[in-house]
Amino acid sequence: MFIIECGCGNEIYVSSGDDRGAWQCEECGKWLNFFGQEVPPPFSSPEPALFKDYDPDFDDDED
Ligand SMILES: [Zn+2]
């Protein structure tokens, strides 16, 4: 177990087997990484890279 200290003063207790990479402060709602640095909420940042390489003409001859 380790403790992440949020900027608001709250301490987030994380079990050592937890490897999510980001944890939410229950007090202020910020998301913090292992080092206590604020990170974007993992669920609210859609990954544009998934669609970046999409080429509508790639399978053109299949239809
Ligand atoms: Zn906080």
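Because the structure is predicted, anything quoted here is derived from the model rather than measured.

Can you help me understand the pairing of strand β1 (residues 2-5) in this one?
Looking along a regular strand, one sees side chains alternate from face to face of the sheet. Bridge count between β1 and strand β2 (residues 11-14): four bridges; the pairing is antiparallel. Within the sheet, the bridge partner assigned to Ile-4 lies in β2 and is Ile-12. Where β1 folds back on β2, the antiparallel hairpin that results is connected by five residues, among which Gly-9 adopts a positive phi of roughly 100°.

Hey, could you run me through the sheet that holds strand β3 (residues 23-24) in this one?
By definition, the strands of a sheet pair up through backbone hydrogen bonds, in either a parallel or an antiparallel sense. If you trace the three strands from one edge of the open sheet to the other, you get β3-β4-β5, paired in antiparallel fashion. With one partner strand each, in any of the chains shown, β3 and β5 (38-39) form the two edges of the open sheet. In this structure, β3 lies alongside strand β4 (residues 31-32), joined through two bridges in antiparallel fashion. Residue pairing in the sheet places Trp-23 in a bridge with Leu-32 of β4.

What counts and what doesn't
- Residues numbered from 1 in each chain as written.
- Predicted model: local features only at pLDDT ≥ 70, side-chain atom pairs only at ≥ 80, totals over all residues.
- Pairing = 2+ DSSP bridges.
- Helix = DSSP H or I, 4+ residues; strand = E, 2+ residues; numbered from the N terminus.

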